[in-house]
Structure formats: structure tokens, C-alpha cells
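One letter stands for each residue in the lines below.
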Amino acid sequence: EKLDQGLEKTKKNFLSKLGKKLVGKSKVDDEVLDDLEEVLISSDVGVDTTIKIIERIEERVKKEKFFANELDGILKDEIADLLAESNQDNVEEFDLPKNTKPYVIMVVGVNGVGKTTTIGKLANQFKLAGKEVVLGAADTFRAAAVDQLKVWGERVGVPVIELGMNKDPASVAFDAVEKGVEMNADVVIVDTAGRLQTKVPLMNELSKIKRVMSKVIPEAPHEVLLVLDGSTGQNAISQAKAFTEATEVTALAITKLDGTAKGGVVIGISDQFKVPVKYIGVGEGIEDLQIFNKHEFVDSLFK
Ligand code: GDP
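Let me sum up the structure you'll find in this document.

The rules behind each value
- Residues numbered from 1 in each chain as written.
- Predicted model: local features only at pLDDT ≥ 70, side-chain atom pairs only at ≥ 80, totals over all residues.
- Heavy atoms only, no water.
- Axes fitted to C-alpha atoms, helices over the stretch in contact; angles between N-to-C directions.
- Helix = DSSP H or I, 4+ residues; strand = E, 2+ residues; numbered from the N terminus.
- Parallel < 35°, antiparallel > 145°, perpendicular 65-115°, else oblique.
- Left-handed = near helix turned anticlockwise from the far one by under 90°.
- Contact = heavy atoms within 4.5 Å.
- Nonpolar A, V, L, I, M, F, W, Y, C, P; charged D, E, K, R; others polar.
- Phe/Tyr/Trp six-rings, centres within 6.5 Å; stacked < 30°, edge-to-face > 60°.
- Near = heavy atom within 4 Å.
- Polar contact = N/O pair within 3.5 Å; in protein donor to acceptor, adjacent residues only side chain to side chain.
- Areas by Shrake-Rupley, 256 points an atom, 1.4 Å probe, with all protein chains shown as cover.
- Pairing = 2+ DSSP bridges.
- Buried < 20%, exposed > 50% of the residue type's maximum accessible area, 1.4 Å probe, protein only.
- Right-handed = clockwise from strand over helix to strand, strands pointing away.

Right, let's get into the packing of helix 3 (residues 30-42) against helix 4 (residues 47-64). Where helix 3 meets helix 4, the closest approach of the two axes is 9 Å, and the angle between their N-to-C directions is 150°. The orientation of helix 3 relative to helix 4 falls into the category roughly antiparallel. For the crossing formed where helix 3 meets helix 4, the hand is right-handed. For the pair helix 3 and helix 4, contact is made by Leu33, Leu36, Glu37, Leu40 and Ile41 and by Val47, Thr50, Ile53, Ile54, Ile57 and Glu58, respectively. In the contact of helix 3 with helix 4, the residues fall into 8 nonpolar, 1 polar and 2 charged.

See below:
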């Protein structure tokens, strides 16, 4: 329901634009396809993914000869297929792999995208599921980041490992993973500084943190979660590009999908980066993090 409300603007933007374009049309001709292309691009689906969708629909028009009034159903199918291709292993609930303890999640992303909030919300969900959680405040470049994570730690009731501001992020990450092992915790979630610098320093910084974590647990980090702000549309796509080039991102959290008209960005991002969207943020509250469900997402868009 929260998702439906959240995607209301995206849906309005999308379906009403499409509806207007289709008035009086019966055949799906080049003009209709051009209009559809325009609507998809203006809904932040992204150019590459839009072209892919249009090509697929063009193929289907040739074979199936459907009419303009069937176009939204066809489009819904195609979007669902695209999401299915990049989100094969959709998770059902806030859960952790059974035989990995602690499971180490390194969280990356640019400042302001909702990284700290997402970590707080995740910690809360794991805690509610009866898991032992440890947080690591390795975003040491901003005093506020460490403090903010401490506030979340208190709120959720989980320990936050920190060394203060300007300390080496890798040391904090090391301590956090070590603490997780010592406490026999289920999950360690480490916040990192999200400075979008040039590629090489970002790459070096992230790989140093990863290397240090793996000194404690060879497989750590088990997950590199990139947080993106969905309301920034194409900016989120360029950030995804920068981070996936700098490190191996294994999962995505897309925040601020409440009240944005740019929800189409989820489709473009999952198609282009082939990294599963695992979580979506649909509000500022502690409960406002959901497991991404591709079926629900597509249903909400076309309801
Ligand atoms: P960080 O700098 O990436 O750690 O970002 P923060 O976690 O501090 O979040 C920045 C702002 O975005 C805060 O005001 C959050 O409350 C807000 N925020 C985070 N996630 C969401 C979301 O899913 N929806 C909305 N509406 N706001 C969010």
C-alpha cells in the first residue's frame, strides 16, 4: 500500500502521458512507438533501456498485431520481463544466509542519498527478525554521519562501533567485523564515506576497506549494498555507473521512491547494471524500507 502511494506520481506521470498520446489511435504504428519512447524517457527509464523496450515491442507488434488499447498490457509484460532478468533472486523477507555468521554488509553510496537512514531501517528489520546486529561507523569524513548512526543504534538498540571523525575508515570496518565475530552477531553493517571522487581514489578507498574486512573473515564483505536516491532520476544512474566501476556491487537499495515522479529509474537501473534491487525506501520512518518485489512494483505502476 505504501508502495502504491509512493509510486502514485510516477504512475500518473507515466500512464496519463501515455493515455493522452494514445487518444484516437488504434494501430500501433511508428508514431505510437515514438510517443511511447518519449514517455519512457521522460519517466526516467533511461535511454538504453527505453530503446530496448521499444525494440521488443516493435517485434511483438509485427508478430502479434495488437492494437493501441492493448499497449499498456504489453508494456507491463515487457517491463516485468526486464526486471525479472536482473532480479533473479528476489528475497521474500528480511533474512540472512543460514551458514554465514556474521554476514557482513558494506554499504556504499554518495552522501545524502539516504545511506544512514537505510542502515538504521535495515538494522531495525534484522533486529525485529531476532538477529544480533552490529553497526560500523566507517563514514568518518563527516562528524554528522557518525553521530547519526549512533542515534540509529540507540533507537534500534544495537551497538555502533566508531573511532570518531577523521579516523581511518578501514580501521573502523576492521573493528566492526571483529566485534561482530566476538559477539557472535548475525550481521555487521558498515557505513562508508560516499564521496564521489574521481574513479581511482574511490576504487582504492573501497578496496582498502574490503581488504581489511577480509582479514577478519576471508569472504567478507558478503554483500556490497549500493544506496541510490531514486528521486534524482538520471543522477542515480550515473552514480550506479561510478560505483559499479569502482567496486563489485552485489545489491541495490533505491530510496525516496515515495512522492517522486521518477520511479521509472528503477527499471533502467536494474536493466543496465544487472545488479538486483534488494530494498526500496518509501519514506523517512523506520518502517519505510521494503524488500523489492518486482511483481508488486510493476503492478503498482500499472494499477
Ligand atoms: P546519507 O547522507 O546518505 O546518510 O543520507 P541520510 O540517511 O542522512 O538521509 C538523507 C535524508 O533523506 C534524510 O532527511 C532522510 O530522512 C531522507 N530519506 C532517507 N530515505 C528516505 C526515503 O526512502 N524516503 C524519503 N522521503 N526520505 C528518505
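Looking now at the packing of aromatic side chains. With the rule as written, the count across this model stands at 3 aromatic pairs. Consider the rings of phenylalanine 14 and phenylalanine 302, whose centres lie 5.7 Å apart with planes at 80°: the pair is edge-to-face. On the criterion of sequence distance, the pair formed by phenylalanine 14 in helix 2 (residues 8-22) and phenylalanine 302 in helix 12 (residues 294-302) is long-range, its members being 288 residues apart.

So, on to the site of the ligand. Around the ligand, the surrounding shell holds 17 residues, and the nearest of these are Gly112, Thr116, Thr117, Asp258 and Glu284. Lysine 256 places a main-chain nitrogen or oxygen 3.0 Å from an oxygen atom of the ligand. Summarising the interface, the protein chains cover 80% of the accessible area of the ligand, which totals 580 Å² for the free molecule. For the shell around the ligand, the element with the highest residue contribution is helix 6 (residues 115-128), accounting for 4 residues. Residue composition of the shell around the ligand, grouped by class: 3 nonpolar, 8 polar and 6 charged.

Let us look at the sheet that holds strand 8 (residues 289-291). Taken in spatial order, the 8 strands of this open sheet run 3-2-4-1-5-6-7-8, and their pairing is mixed. At either margin of the open sheet sits one strand with a lone partner, and together these are strand 3 (160-161) and strand 8. Pairing between strand 1 (residues 103-108) and strand 5 (residues 223-229): 4 bridges, direction parallel. Residue pairing across strands places methionine 106 opposite valine 224, the latter belonging to strand 5. Those strands touched by helix 7 (residues 143-156) are strand 2 (133-138), strand 3 and strand 4 (187-192), and its axis lies near 170° from that of strand 2. Lying over the sheet, helix 11 (residues 265-273) contacts strand 5, strand 6 (251-255) and strand 7 (277-281), oriented at roughly 165° with respect to strand 6.

For the rest of this paragraph, the subject is the pairing of strand 7. By the criterion of burial, strand 7 is predominantly enclosed, with 5 of the 5 residues buried. Since strand 6 and strand 7 lie parallel, the crossover through helix 11 that links them has a hand, and here it is right-handed. Here strand 7 pairs with strand 8 via 3 bridges, running antiparallel. The partner of tyrosine 279 across the bridge, within strand 8, is isoleucine 291.

Attention shifts here to the environment of isoleucine 254. By the secondary structure assignment, isoleucine 254 is in strand 6. Judged by its relative accessible area of 0%, isoleucine 254 is buried. Each C-alpha atom, one on isoleucine 254 and one on valine 282, is 9.0 Å from the other, the two residues being 28 residues apart in sequence. The residues contacting isoleucine 254, other than those within four sequence positions of it, are Leu228, Gly230, Val266, Ile269, Val277, Tyr279, Ile280 and Gly281.

For the rest of this paragraph, the subject is unusual backbone geometry. Going from lysine 101 to proline 102, the amide bond is cis rather than trans, its omega being -5°. Of note, the amide linkage connecting alanine 220 to proline 221 takes the cis form, showing an omega dihedral of 0°. Counting through the fold element by element, proline 221 comes out in the loop between helix 9 (199-216) and strand 5. With a phi close to 65°, aspartate 44 is a non-glycine residue in the positive phi region. With respect to the element layout, aspartate 44 can be found in the loop between helix 3 and helix 4. The class for aspartate 44 is buried, based on a relative accessible area of 8%.

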